[in-house]
Amino acid sequence: MVVPVAAGGALDSNARLVADGMRAALGQPIIVENTTGAGGSIGVGRVARAAPDGYTIGIGQWGTNVANGAIYPLAYDLIKDFEPIALVATQPFL
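From a predicted model like this one, the values you see are computed outputs, not experimental measurements. (Residues numbered from 1 in each chain as written. Predicted model: local features only at pLDDT ≥ 70, side-chain atom pairs only at ≥ 80, totals over all residues. Heavy atoms only, no water.)

**Q** Quick question: what am I supposed to make of the environment of Val32 here?
**A** Residue placement: Val32 occurs in the loop between α1 (10–26) and β2 (33–34). On the basis of relative accessible area, Val32 is assigned to the buried category, the value being 15%. For Val32 and Thr90, which are 58 residues apart along the polypeptide, the C-alpha to C-alpha distance reads 21 Å. Other than its neighbours up to four places away in sequence, Val32 contacts Met1, Val3, Asp12, Ala15, Arg16 and Ala19. (Helix = DSSP H or I, 4+ residues; strand = E, 2+ residues; numbered from the N terminus. Buried < 20%, exposed > 50% of the residue type's maximum accessible area, 1.4 Å probe, protein only. Contact = heavy atoms within 4.5 Å.)

The following block contains the structure:
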């Protein structure tokens, strides 16, 4: 599981909780890998370039999966290159 932000934050904590549940359900190890840089674009790009074999998944948040696509030219398409699996958590600010 690729986490496109640094270790220790809310997204990283959520990813590790989800990975623990996945380990039990799937019966195999889930490795959480923090791939930081460029506001999350490096980690998300890594997931986009991964072989579509089901062994690499990414977890993201608004900044990595929405804002980067609106602000920066990316080598991948956030809408066409990814398929959402689950809503893990929400943060209502307003």
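**Q** What is the right way to look at the layout of surface pockets in this model?
**A** A probe as big as a water molecule, rolled over the atoms, marks out the empty space that is left. Estimated volume of the largest pocket: approximately 1400 Å³. Ranked by residue count, the leading element in the lining of the largest pocket is α1, at 5 residues. Grouping the amino acids of the lining of the largest pocket by side-chain chemistry returns 27 nonpolar, 10 polar and 3 charged. Lining the second largest pocket are Met1, Met22, Leu26, Gln28, Pro29, Ile30, Ile31, Gly54, Tyr55, Thr56 and Ile57. When its residues are assigned to classes, the lining of the second largest pocket shows 8 nonpolar, 3 polar and no charged. (1 Å grid on protein atoms, 1.4 Å probe; cavity = no way out; pocket = protein on both sides within 12 Å on 5 of 7 lines; lining within 4 Å. Points joined across faces, edges and corners; volume = space filled by probe spheres on them. Nonpolar A, V, L, I, M, F, W, Y, C, P; charged D, E, K, R; others polar.)

**Q** Honestly, the side chain of Thr64 in this entry has me stumped. Any pointers?
**A** By the element assignment, Thr64 lies in helix α3 (residues 62–71). When its relative accessible area of 1% is taken as the criterion, Thr64 is described as buried. Within the structure, the side chain of Thr64 is placed 2.7 Å from the side chain of Asn65, a separation counted as a polar contact. Setting aside residues up to four positions removed in sequence, Thr64 forms contacts with Pro4, Val5, Gly39, Gly40, Val44 and Leu78. (Polar contact = N/O pair within 3.5 Å; in protein donor to acceptor, adjacent residues only side chain to side chain.)

**Q** Help me out: how do you make sense of the nonpolar core in this one?
**A** As a rule of thumb, soluble globular proteins bury nonpolar side chains together. In terms of nonpolar packing, the biggest core is built from 8 residues, these being Met1, Val3, Leu11, Ala15, Ala19, Ile30, Val32 and Ile59. Counting residues per element, this core draws most heavily on α1, at 3 residues. When sequence neighbours within four positions are dropped, the list of residues in contact with Leu11 reads Val3, Pro4, Val5, Ile59, Gly60 and Gln61. (Core = buried A, V, L, I, M, F, W, Y, C linked by side-chain atoms within 4.5 Å.)

**Q** In this structure, what is going on with α3? I would like to understand it.
**A** In an α-helix, one turn spans 3.6 residues; hence positions three or four apart end up facing the same way. All buried positions along α3 are accounted for by Gly63, Thr64, Ala67 and Asn68. Buried residues in α3, looked at end-on, bunch into an arc of 110 degrees, giving them a common side. Projecting away from the buried face of α3 at angles above 90 degrees are the exposed residues Trp62 and Ala70. Regarding α3, its N-cap is Gln61, as a side-chain oxygen of that residue lies 2.9 Å from the backbone nitrogen of Gly63 further along. (Arc of directions from axis to C-beta.)

**Q** In this structure, what is going on with the pattern of salt bridges? I would like to understand it.
**A** Once the charged atoms of two side chains with opposite charge are near each other, the side chains can pair. Across all of its chains, the model carries 3 salt bridges by this definition. Of the charged contacts in the structure, one is a salt bridge between Arg23 and Asp20, with a shortest N-O distance of 2.3 Å. With Arg23 and Asp20 both in helix α1, this residue pair falls 3 residues apart, about one helical turn. (Salt bridge = Lys/Arg side-chain N within 4 Å of Asp/Glu carboxyl O.)

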